[in-house]
Number of protein chains: 2
Amino acid sequence: MKYVFSDRISALKPSAIREILKVTSGGNVIPFAAGNPAPEVFPADVIENIASKILRQQPVTALQYGVTEGYLPLRERISEDLKARFNIGREFDEIIITAGAQQVVDLAAKVFLNEGDTVICESPSFIGSLNCFRSYNACLKGIPVESDGMDIELLEKALETEKNVKMIYTIPNFQNPSGYTMSLEKRKALYELALKHNVIILEDNPYGELRYTGEDLPSIKSFDDEGIVIYAGSFSKVLSPGLRVGYSVSPAEITAKMTVGKQASDVHSPMICQMIVDRWLAECDTAEHIGFIRSVYSRKLNLMCDCLDSEISGFISYVRPLGGLFIWCELDRNINMLDFCKAAAAENVAVVPGTAFMASESDRTNCFRLNFSTPTDEQIVEGVKILKKVCEKF
Amino acid sequence: MKYVFSDRISALKPSAIREILKVTSGGNVIPFAAGNPAPEVFPADVIENIASKILRQQPVTALQYGVTEGYLPLRERISEDLKARFNIGREFDEIIITAGAQQVVDLAAKVFLNEGDTVICESPSFIGSLNCFRSYNACLKGIPVESDGMDIELLEKALETEKNVKMIYTIPNFQNPSGYTMSLEKRKALYELALKHNVIILEDNPYGELRYTGEDLPSIKSFDDEGIVIYAGSFSKVLSPGLRVGYSVSPAEITAKMTVGKQASDVHSPMICQMIVDRWLAECDTAEHIGFIRSVYSRKLNLMCDCLDSEISGFISYVRPLGGLFIWCELDRNINMLDFCKAAAAENVAVVPGTAFMASESDRTNCFRLNFSTPTDEQIVEGVKILKKVCEKF
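Residues numbered from 1 in each chain as written. Chains lettered and ligands numbered in written order. Predicted model: local features only at pLDDT ≥ 70, side-chain atom pairs only at ≥ 80, totals over all residues. Heavy atoms only, no water.

Q: Lay out the overall build of chain A with the relevant residues and their values.
A: A tally of regular secondary structure across chain A gives 14 helices and 14 strands. Relative to the 2.2 N^0.38 estimate, which gives 21 Å for 394 residues, the radius of gyration of chain A is 21 Å and therefore close to what a compact globule would have. Along the first, second and third principal axes, the C-alpha set of chain A runs to 60 × 55 × 55 Å. Burial analysis of chain A (394 residues in total) assigns 63% to the buried set. (Helix = DSSP H or I, 4+ residues; strand = E, 2+ residues; numbered from the N terminus. Rg over C-alpha atoms; globule rule 2.2 N^0.38 Å. Buried < 20%, exposed > 50% of the residue type's maximum accessible area, 1.4 Å probe, protein only.)

Written out as structure tokens, the structure reads:
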């Protein structure tokens, strides 16, 4: 039988990163392509104790069906924590627990996008989100992201000229893939523009807790007295991505629609995973754990930057990120980026070509993305040396 | 801000069942509305031991990102088991692990349905699947389901006359909500008709292991030498629904598209849940456990049928199911079904009005659905007595 697939899925390609990870998943590949937490930061003992206790004390809750909105104690705990620490959430907001922040993007798209509607996003941006919007046959309008965030003039122009703009998608903190952080001024300007044009903001903040330098900036959601922001959070980077626990904070009317959407997608997120996160928040010193993660990643970031500066500063330029997991390197114009990435892969160093992150295939880039959380210190040193050799061949 | 939601979500109502469950979730409500496994059948001790062992022995695998297709040992184990026991799966088939069977339905719809395409389904059918198809703006064509399965003549007529039919959705075993089981003859006829008309079959089999009477019938997928069947399986009814682990078996080309769809939805299913199911299959006597579940549910089914027969046989008729979780009761025509369900809820007995399961609002029914796995034996006896009182009021 010749299968006739839907238009939405025919246009969608598998994630370039996940494909690269499959090809370069051998033991001797240096992993600069992934965005995985470092294996050594998982609090495995703590999670084992928590899981045992849950399955002994609340086995039926852990194993039975749950409500689509998510495990209530966890929702309440997240709500209180976000209000107290970040001024996120108003009376009109409600939380839904999701399968990572990825599902917040999926549900926001499901709830707001008709086919052909436009999503304004940073370009480059996170490929998982771009592909999600594509899976709803949305049009993507990429706005170049500068070292202090989205180009606001171009954003304003896009809001005035693009048709059926429903949503602005942004990762303000330590953006994936650029590592850039949006300034407070631009956050406020973006919020005002969205309000003026009646457009929803989808604020994706998976890396917010991973700041290594400077002071936290207020999230866009913290300004949101008007109810135009869907805030996506995640425990993937601070606890475990394998548990797949994320959440959104959005006005109750939107959250109710997202709940109906989630019912149709997967009924609810696994109870044991939600309960593990809940107990971890309740019983553990999460600030200490996150401090530990920051210290590990900060060291790795500095090590990678030092290596890049000493080994290949003549071939690449980059803006040193203040946090997150990624460094966005621009190659000298004499080096073809795709050829470079292939040559690096041939030398067993996996990096992601920047084209994977562009909103449109016509958006050119000579950049590639490096991750510093997954490789060991030795791999960082060795990998950059290999990249130097690769550069010298061009 | 006035939110303008997508067409797909505007048309979608929350699951009537899940709304009923919210309203009637108080302690003194007799739960004939849910489809939950009995709390006493969860092997909580076993799962606790398995979870501890996983988190001690393979913490990084359990907590790190995994591949979208699912945990490989689990996929291999399911594949071997299905081949050996049910002749399900050919060389060309591949498995993907999903968030319950619900996500198989979601991914099959995502992969095959353009807006306006038609899905042929049984009427009544599982509301979660019907809502999922609706969330893709698909047209539903309901085929009346008889006590031996879908009306094949009407199916053939629909395949000849309906436009853009892409898929036939069926639950052949102990169907939800009717409890009916499709005969072998009809399974073969349905397969041949789908083949003739180039239409995909989505075979949903969450209750297949829960047969209490008679011999297993071959699944439709077991005939599938041509690669036209997507088979949806689940561990929700035999192990735990809270773990949210299901799977699909479909030709590799379809599975690859579903994988791309899942990447955009939730990246992958939680590792710990997949690994628990894998270890349970590998290390436990699953046949014994399923035998235990069958004995519990068989007893409850018989008890409920005995009560119905002795208390309200003058008011309702039903076909005694051979397995599954549900009894589909048709009320005497002198009793209005919706009024009856409301009156029952007022007396603290939760049942689901049959209209919730119809493919179209214009499909009339005077039936309601009873579940016998969730209530205790005492609740079954007491609940049917209350239903008798409610009947007598009409």
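Q: Give me the lowdown on the interface of chain A and chain B, citing residues and values where you can.
A: Contact with chain A, which involves 83 residues of that partner, is made by 83 residues of chain B. Surface buried jointly by chain A and chain B totals about 7000 Å² across both partners, of which 59% is contributed by carbon and sulfur atoms. Counting the contacts that link chain A with chain B gives 2 salt bridges. A salt bridge links A:R56 to B:E48, with the shortest nitrogen-to-oxygen separation between them at 3.4 Å. Breaking the side of chain A that touches chain B down by element, the ones donating at least two residues are α1 (7-10), α2 (16-23), α3 (44-57), α4 (59-63), α6 (100-112), α7 (127-134), α10 (252-266) and α11 (271-283) of chain A. (Contact = heavy atoms within 4.5 Å. Buried area = accessible area lost by both parts, 1.4 Å probe. Salt bridge = Lys/Arg side-chain N within 4 Å of Asp/Glu carboxyl O.)

Q: Account for the pattern of salt bridges, with residues named and values stated.
A: Applying the stated criterion across every chain, the model contains 46 salt bridges over all chains. When the shortest N-O distance is used, the salt bridge between B:K388 and B:E311 registers 3.6 Å. Taken as a pair, B:K388 in helix α14 (residues 377-393) and B:E311 in helix α12 (residues 286-312) lie far apart in primary sequence, 77 residues in all. A relative accessible area of 26% means that B:K388 is categorised as partly exposed. B:E311 gets classed as partly exposed once you look at its relative accessible area, which sits at 21%. Three or more residues joined by partner-sharing salt bridges are found here, namely A:K53, A:R77, A:D278, A:R279 and A:E283.

Q: Can you break down empty space enclosed by the protein residue by residue, with the values?
A: Under the criterion given, the structure shown has 5 cavities of 30 Å³ or more. Roughly 70 Å³ of volume is contained in the second largest cavity. The residue makeup of the lining of the second largest cavity, split by class, is 4 nonpolar, 3 polar and 4 charged. (1 Å grid on protein atoms, 1.4 Å probe; cavity = no way out; pocket = protein on both sides within 12 Å on 5 of 7 lines; lining within 4 Å. Points joined across faces, edges and corners; volume = space filled by probe spheres on them. Nonpolar A, V, L, I, M, F, W, Y, C, P; charged D, E, K, R; others polar.)

Q: Explain the environment of A:P43 residue by residue, including any values.
A: All names here are of chain A. Residue placement: P43 occurs in the loop between β1 (30-31) and α3. For the pair formed by P43 and M337, sequence separation is 294 residues and the distance between their alpha carbons is 38 Å. Sequence-distant contacts of P43, that is, excluding residues within four places in its chain, are made with L239, W280 and H289.

Q: So, the domain arrangement of chain A: which residues are in play, and what are the values?
A: Reports often express the size of an interface as the amount of accessible area lost when the parts come together. Residue and element names in this part refer to chain A. Partitioning chain A into structural domains gives domain 1 (7-43 + 288-393) and domain 2 (58-283). For domain 1 and domain 2, the distance between their C-alpha centroids amounts to 24 Å. If you look at the interface, domain 1 gives 34 residues, while domain 2 gives 33 residues. Ranking the residues of domain 1 by area buried against domain 2 places L322, W328 and A359 at the top, with a combined share of 20%. Across the salt bridge formed by E209 and R294, the nearest N and O atoms sit 3.9 Å from each other. Run the count over domain 1 and domain 2 and you get 13 residue pairs in polar contact (both at pLDDT 80 or more). (Domains from an automatic or database assignment. Polar contact = N/O pair within 3.5 Å; in protein donor to acceptor, adjacent residues only side chain to side chain.)

Q: Any chance you could break down the sheet that holds strand β14 (residues 367-371) of chain B for me, citing the residues and the numbers?
A: Residues and elements named next belong to chain B. Pairing in this open sheet of 4 strands is antiparallel, and the strands run β10-β11-β14-β13 from one edge to the other. At either margin of the open sheet sits one strand with a lone partner, and together these are β10 (316-317) and β13 (352-353). Pairing analysis gives 2 bridges linking β10 to strand β11 (residues 326-331), with the strands arranged antiparallel. Following the sheet pairing, I316 is matched in β11 by L331. Contacting β10, β11 and β14, α12 crosses the sheet at an angle of about 15° to β11. (Pairing = 2+ DSSP bridges. Axes fitted to C-alpha atoms, helices over the stretch in contact; angles between N-to-C directions.)

Q: Provide a residue-level description of a negative patch on the surface, including the pertinent values.
A: Residues A:D7, A:E115, B:D7 and B:E115 make up a contiguous surface patch of negative charge. Within the fold, B:E115 resides in the loop between α6 (100-112) and β3 (118-123). Exposure remark for B:E115: the relative accessible area of 35% places this residue in the partly exposed category. (Patch = residues over 30% accessible without salt bridge, like charges linked within 9 Å, V, L, I, M, F, W, Y side chains within 5 Å. Areas by Shrake-Rupley, 256 points an atom, 1.4 Å probe, with all protein chains shown as cover. Lys, Arg positive; Asp, Glu negative; His and termini not counted. Charge placed at Lys NZ, Arg CZ, Asp CG, Glu CD.)

Q: Any chance you could break down the pairing of strand β2 (residues 93-98) of chain B for me, citing the residues and the numbers?
A: The side chains of a regular strand alternate, first on one face of the sheet and then on the other. All names here are of chain B. Where burial is concerned, most of β2 is hidden: 5 out of the 6 residues are buried. Two elements, β2 and strand β9 (residues 246-251), share 6 bridges in a ladder whose sense is antiparallel. Each residue of the ladder has a partner; that of T98, found in β9, is G246.

Q: So what's going on with the relation of the copies chain A and chain B? Residues and values would help.
A: Expressed as a screw operation, the relation of chain A to chain B combines 0.0 Å of axial shift with a rotation of 180°, fitting to an RMSD of 0.0 Å. Given the turn and translation reported, the copies of this chain are related as if by a two-fold rotation axis. Measuring from the rotation axis to each C-alpha of chain A, the shortest distance belongs to A:S52, at 3.2 Å. Interface overlap between copies: 100% of the residues of chain A at the interface are likewise at the interface in chain B, consistent with a symmetric, same-surface contact. (Least-squares fit on C-alpha atoms with pLDDT ≥ 70 in both.)

Q: Talk me through the nonpolar core; I want residue IDs and the actual numbers.
A: Residues and elements named next belong to chain A. Core analysis: the largest hydrophobic core is formed by 74 residues, its most contacted members being F32, F133, Y297, L308, I327, F368 and L370. At 9 residues, helix α12 (residues 286-312) tops the list of elements feeding residues into this core. Of the residues that make up this core, three or more belong to each of domain 1 (7-43 + 288-393) and domain 2 (58-283). Filtering out sequence-adjacent residues up to four positions away, L370 remains in contact with F32, M304, L308, L325, F326, I327, C329, V351 and L387. (Core = buried A, V, L, I, M, F, W, Y, C linked by side-chain atoms within 4.5 Å.)

Q: Describe the environment of A:V352, naming the residues involved and giving the relevant values.
A: Counting through the fold element by element, A:V352 comes out in strand β13 (residues 352-353). Between the C-alpha atom of A:V352 and that of A:A34, which follows or precedes it by 318 residues, the distance is 8.3 Å.

Q: Summarise the side chain of A:T374; cite the residues concerned and give the values.
A: Residue and element names in this part refer to chain A. Inspection of the secondary structure assignment puts T374 in the loop between β14 (367-371) and α14 (377-393). The exposure class of T374 is buried, given its relative accessible area of 15%. Within the structure, the side chain of T374 is placed 2.9 Å from the backbone oxygen of N36, a separation counted as a polar contact. In this structure the side chain of T374 is engaged in a polar contact, spanning 2.8 Å, whose partner is the side chain of N371. In contact with T374, other than residues within four places in its own chain, are P31, A34, G35, N36 and P39.

Q: Outline the side chain of B:R75, supporting the account with residue identities and numerical values.
A: All names here are of chain B. Within the secondary structure, R75 sits in helix α5 (residues 72-86). It turns out R75 is buried and unbridged, and the closest side chain with the opposite charge, E69, is 5.1 Å from it. R75 has contacts with V67, E69, G70, I95 and I97, leaving out every residue within four places of it along the chain.

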